[in-house]
Amino acid sequence: MYREALISLRFNLTDNCDAAVCLEPDLASVQENGRGGSAVFTTVLSSASTFTCSSCHVMSETDGFASDGFRRPGHSLLNSTRRATYKNGIFDKMLDAVNVCVTEWMNATAWTEADTDWINLLNWLDDQSTVTTADPLLIDVVAPPDDLTGGDVSNGRELFNTRCIVCHGFDGAGTQLAPPITGIGLPTDYIARRIRTSGPPDSVAYDGLVEGVMPFWGADRLSDGELVDYSCLCSIRGGCRYRHGWGRPDEFGCNGLQQYQCQDRSERYPE
Ligand code: HEC
Ligand code: HEC
């Protein structure tokens, strides 16, 4: 595959280099071979994961939201090829940063500089750039707040259905990307920990990750206030036992919740 790509690679003559004549590979011609960059962006890389780059990143956002109205856990990749460093300055090369996602989130084999998929993806990403240089991102993995009381279920639901929905589906019913998580009575502190610090504990790029294949939500992708509302929604939707008996969340709100009574996943609101 790579051999074929090289053989049919076209070169363009340029005059903007030190040597008298320069040859520049016409990367667009590579895209004629194998999957084009946008296909690489939107398809799975391994049979061991259902995630695609587009599960977690988009190419353009307004105030952190994609054109479909949803927010992804990862930042937009617009102008990402123009950043000088990646992952809080750990990597100078974009490929090294991308390979963290490829291996740690997508369960696939790391790309080399010569991989057609990578060349096509890089070319496609770079083509869309709107600036010459872009500032590096600050990626903040933070611990969840200790106090998770005061959450608002209906706010949590609205937030959920514009963010978590991408993988967990409407109202957390589950999709092929992620399991159902509402109505099963997960404890709030567990939910909060998963949202903030989900990911491989031995990650080469991020400190503080605890467990799971779900990506963490960093400080600037989700606020602590939102986190409290999500934890509330995910822990009690479907009902929980309250001090005064069984009830739906909206009857009592999260403040009246006796958290220990929601920890048994078999407890549900009797329909
Ligand atoms: C399961 C979620 C997930 C998938 C799939 C994923 N990423 Fe990421 N990626 C993240 C998270 C979370 C971060 C850290 C926060 C951020 O930078 O947006 C990140 C960071 C990055 C960064 C570093 C940004 C920087 O400037 O430091 C790049 C580049 C990147 N991803 C590209 C990709 C590409 C390309 C793919 C597909 C091959 C991909 N990612 C797949 C979740 C994912
Ligand atoms: C990129 C896809 C993706 C997104 C977006 C995502 N999740 Fe997840 N989540 C997963 C996957 C996959 C799992 C199951 C594997 C694991 O536990 O890591 C999971 C597991 C969880 C769990 C643990 C469930 C259990 O039974 O142990 C919780 C809680 C959770 N997600 C909450 C959320 C919330 C809240 C959001 C939105 C803020 C969210 N997730 C966004 C993919 C995602």
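Remember, it's a predicted structure, so these values are computed and weren't measured experimentally. (Residues numbered from 1 in each chain as written. Chains lettered and ligands numbered in written order. Predicted model: local features only at pLDDT ≥ 70, side-chain atom pairs only at ≥ 80, totals over all residues.)

(A) Structural view of the overall build of the protein. In terms of regular secondary structure, the protein is built from 11 helices and 4 strands. Within the protein, the proportion of its 271 residues that are buried is 31%. Considering only contacts in the protein between residues 6 or more positions apart, those separated by 24 or more positions represent 61%. (Helix = DSSP H or I, 4+ residues; strand = E, 2+ residues; numbered from the N terminus. Buried ≥ 20, exposed ≤ 12 C-beta atoms within 10 Å, placed from the backbone. Contact = placed C-beta atoms within 7 Å.)

(B) The site of ligand 2, seen in detail. Around ligand 2 sit 25 residues, and of these C164, C167, A178, G212 and M214 come closest. Those elements that provide at least two residues to the shell around ligand 2 are α4 (53-56), α8 (165-168), α9 (188-197) and α10 (224-236). Residue classes in the shell around ligand 2 are distributed as 19 nonpolar, 4 polar and 2 charged. No fewer than three residues from each of domain 1 (2-127) and domain 2 (153-262) sit in the shell around ligand 2. (Near = placed C-beta within 6 Å. Nonpolar A, V, L, I, M, F, W, Y, C, P; charged D, E, K, R; others polar. Domains from an automatic or database assignment.)

(C) How the structure looks around the environment of E61. With respect to the secondary-structure elements, E61 resides in the loop between α4 and α5 (94-105). The spatial distance from the C-alpha of E61 to the C-alpha of H75 is 8.7 Å, given a sequence separation of 14 residues.

(D) Main features of α9. In terms of burial, α9 is a largely internal element, 7 of the 10 residues being buried. Those residues of α9 not exposed but buried are T188, I191, A192, R194, I195, R196 and T197. Following α9 by one or two positions, G199 adopts a phi angle in the positive range, close to 145°.

(E) Representation of the site of ligand 1. Among the 24 residues in the neighbourhood of ligand 1, the closest are listed as C53, C56, G74, H75 and C101. Put simply, the parts of the chain that give the shell around ligand 1 at least two residues each are α4 and α5. Here the shell around ligand 1 gets 6 residues from one element, more than from any other, and that element is α5. For the shell around ligand 1, the residue count by class is 16 nonpolar, 6 polar and 2 charged.

(F) Spatial organisation of the nonpolar core. Among the nonpolar cores identified, the biggest contains 20 residues, and I195, L227, Y230 and L233 are the most heavily contacted of them. Other than its neighbours up to four places away in sequence, I195 contacts P144, W217, L222, L227 and Y230. Grouped together as the second largest cluster of nonpolar side chains are 18 residues, C53, Y86, M94 and L121 included. (Core = buried A, V, L, I, M, F, W, Y, C linked by C-beta atoms within 7 Å.)

(G) Region of the structure containing the environment of A97. Relative to the helices and strands, A97 resides in helix α5. Each C-alpha atom, one on A97 and one on A205, is 8.2 Å from the other, the two residues being 108 residues apart in sequence. In this structure, A97 is in contact with Y86, K87 and F91, ignoring residues within four places of it in sequence.

(H) Here's a closer look at the confidence of the model for the protein. Per-residue pLDDT for the protein has a mean of 81; in total, 74% of the residues score no lower than 70. Ranking the elements of the protein by mean pLDDT puts helix α1 (residues 2-7) last with 43 and α5 first with 98. Contacts of residues 1-8 to residues separated by more than four positions or lying in other chains number 12 contacts, the stretch itself having pLDDT below 50. Note that residues 256-271 has pLDDT below 50 and, in this model, 37 contacts with residues that lie over four places away or in other chains. (pLDDT = per-residue confidence, 0-100.)

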